[in-house]
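For reference, the chains in residue letters:
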Amino acid sequence: MLKLYNTAERKLENFKPLGEVVKIYTCGPTVYSRAHIGNLTAYIYWDLLVRVLKFNEFKIRRVLNLTDVGHLVSDGDEGEDKLEKGAKREGKTVWEIAEFYSKDFLKNFRALELAPPEVIAKATDYISDDMAAVSKMMEEGFVYETSDGIYFDTSRFEDYAKFARLDLSGLKAGARVSFSSEKRNAADFAVWKFIQPGEKHAMRWDYLGRPGYPGWHLECSVIIHKELGEPIDIHAGGVDHIPIHHTNEIAQTYAMTGSSLARFWLHCNFITIDGEKVSKSLGNTYTLDDLSSRGFSAMDFKMWVLAGHYQGTRNFTFESLAAAKARRLNWRNKIALLYQKNNINNNNAFDRIIAAVNDNLNSPEAFSVIDTSDLTMEDWQKVDELFGLNLIADTPDVSEEIYALINEREKARAEKNYARSDEIRDELKKQGISVEDTPSGPVWQYL
Ligand code: AMP
Ligand code: ZN
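Here's a quick rundown of the structure. (Residues numbered from 1 in each chain as written. Chains lettered and ligands numbered in written order. Predicted model: local features only at pLDDT ≥ 70, side-chain atom pairs only at ≥ 80, totals over all residues. Heavy atoms only, no water.)

### Overview of the overall build of the protein
Thought 1: Along its length, the protein carries 15 helices and 16 strands.
Thought 2: When its C-alpha atoms are laid out on the principal axes, the protein stretches across 80 × 50 × 35 Å.
Thought 3: Expressed as a percentage of the 447 residues in the protein, the buried residues total 54%.
Thought 4: Partitioning the contacts of the protein with sequence separation of at least 6, the portion at a separation of at least 24 is 74%.
Thought 5: Accessible area for the protein stands at about 20000 Å²; split by element, carbon and sulfur atoms hold 48% of it.
Thought 6: Once the 55 positive and 67 negative side-chain charges of the protein are each reduced to a mean point, those two points are 1 Å apart. (Helix = DSSP H or I, 4+ residues; strand = E, 2+ residues; numbered from the N terminus. Buried < 20%, exposed > 50% of the residue type's maximum accessible area, 1.4 Å probe, protein only. Contact = heavy atoms within 4.5 Å. Areas by Shrake-Rupley, 256 points an atom, 1.4 Å probe, with all protein chains shown as cover. Lys, Arg positive; Asp, Glu negative; His and termini not counted. Charge placed at Lys NZ, Arg CZ, Asp CG, Glu CD.)

Written out as C-alpha cells, the structure reads:
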C-alpha cells in the first residue's frame, strides 16, 4: 500500500485513485531562462512519484504545463514580466525565448531520464480557454474589474485561507503599503491583466474589447479542467506554491466548476546551495551543463537528489555531489562484479526497497537498503526501472582477470597490506582502470 503525505490534510494517507487512471498535474516552469538544479530537484522527485505509482500498477495520466506566457516576477501581481525580461536580456522576441527555453527544459528531462508526461501543455495554447474561464467566473460573481485587470474576489470563496492555513487578517496588515487601492481584499489576485495604452507587452490577446493577457495562476486551473477534469488525484509542486499559487488555483477551480481541485497535494522542499538560497544574484543557479563542466553527470545529480527525502531540507555542495557520484560508481561496480559472480542470493531486498518508497517516497531509506544488501541482477534491473539511474547501461563489462585483481585488492586492503593494494592499483591502471578510495569504499572505473 502506497502512503503519501497530503499537504491539504497535513498527514500521511493511504493512496487510492479516484478513478481507473491516476490523474496527476505537476506545475511546470516559466520558460524564460535555463532550469537550475533547484528547479530540476522538483521534477526528479515527481518522476520518482510517477515511477512508484507505476510499480504499484496504476495507470497514469500526467500533465505538465510550460508557462510560456509572461507572468510577473513576484508570485503576486507586481514586478516585471519574466518573459519580457528574458527577451530584453537576449535581444530576442518573447516567442523565441519561450520556444528556446521550453526545448531546453525538456532536454533536461531526457538527460535525467525523467519519464515524459502524457501531456505537455503550453500555456499559450489555452488562451481562449482562459477567457472562457474568466467569463464563467464573472458570471458567477467571483471576479471584479479594476483599471488594470480582472481580479478574483477572495472574500467570495469562504475556504480561501483553509488550504495554506493563511492568516488573512495578518496578510492585510502586512500588505497595506503595496496594497492596490482598487483591490477589495489584500489576497485578491489578477486572473486577467489589461495592457495599458503605451505599455509594452509583446504577448497580448484581445478580450473584453482591450488587449491583455492571463494572470499566472489561471493556466493551471484551466489546463487541469481541459486535460484532466477535476478533482484530480495528485497535484504536485514546490513548497513555495502553497500560500499563493496553489491557493489561487483552488479558488479559481471552485469558482469555475464548484469542484475541489485535487485529492492529494504533494509539495517538495527547497534545496539550498552552500547554505544559501538558489539565486541569480549569488551566482549559484547551476545548470546541468555547469555540473558537467565540473565532471558530474546528470545521473550523479539525480543520485544526489534521490539520496534525500522530497520533504526534507537539502543543502547542495560539490562535496556531497562527489559523494553521490562515488555511491553510484560503487553500485555500478557491484553490478559489474555480478556478471562474474553469478549472484543467486535472494534476501528479498527489492521488497524492502519498494516498502521504503511506498512509505511516502522514502528514497533515502531505499538507497540505504541498496547499499547494505546483496542485490541480484534482477533486483538491479528493477532498481534502474524504479529510479531511472541508468546503472546497468553505464556499467562496463569486466574480464575475469580484472575481476580477480579487484577482489585481490579488496582482500589486501582488508588485511591492511597497503603495499600490495597499491601494487594492484598500478596494475589496474595499466589495464585502463582507475581505483579511488571514497566514503562509499573503493570505487573503480575505466579511464
Ligand atoms: P519556477 O520556474 O520558478 O516556477 O520553478 C519551477 C519549479 O521549481 C517550481 O515547482 C518550484 O517550486 C521549483 N523550485 C524552484 N527553486 C527550487 C529550489 N531551490 N529547490 C527545489 N525546488 C525549487
Ligand atoms: Zn500551477
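### Focus on the site of ligand 1
Thought 1: Near ligand 1 there are 13 residues, and of these Thr30, Gly38, Gly238, Asp240 and Ile271 occur at the shortest range.
Thought 2: Measuring from a nitrogen atom of ligand 1, one finds a backbone N or O atom of Gly38 at 3.0 Å.
Thought 3: Gly238 is positioned with one of its backbone polar atoms (N or O) 3.5 Å from an oxygen atom of ligand 1.
Thought 4: Contact with the protein chains covers 90% of the free accessible surface of ligand 1, which is 490 Å².
Thought 5: When atom positions are compared with the pocket grids, ligand 1 is found to occupy the largest pocket.
Thought 6: At three residues, helix 1 (residues 37–55) tops the list of elements feeding residues into the shell around ligand 1.
Thought 7: Its residues placed into classes, the shell around ligand 1 shows five nonpolar, seven polar and one charged. (Near = heavy atom within 4 Å. Polar contact = N/O pair within 3.5 Å; in protein donor to acceptor, adjacent residues only side chain to side chain. 1 Å grid on protein atoms, 1.4 Å probe; cavity = no way out; pocket = protein on both sides within 12 Å on 5 of 7 lines; lining within 4 Å. Sits in = over half its atoms within 2 Å of the grid points. Nonpolar A, V, L, I, M, F, W, Y, C, P; charged D, E, K, R; others polar.)

### Some points on the packing of aromatic side chains
Thought 1: Scanning the model with the defined rule gives 27 aromatic pairs in all.
Thought 2: Look at Phe301 and Phe316: their rings are 6.3 Å apart centre to centre, the planes differ by 65 degrees, and that puts the pair in the edge-to-face class. Here Phe301, found in helix 9 (residues 298–306), pairs with Phe316, found in strand 14 (residues 314–316); they are 15 residues apart in sequence, far enough to count as distant. With respect to class, Phe301 is no different from Phe316; both count as buried.
Thought 3: Taken together, a centroid distance of 6.0 Å and an interplanar angle of 50 degrees make the contact between Trp331 and Trp380 tilted. Here Trp331 is found in helix 10 (residues 318–341), whereas its partner Trp380 is found in helix 13 (residues 377–387), with 49 residues between them in sequence.
Thought 4: For Trp331, a relative accessible area of 0% gives the class buried. (Phe/Tyr/Trp six-rings, centres within 6.5 Å; stacked < 30°, edge-to-face > 60°.)

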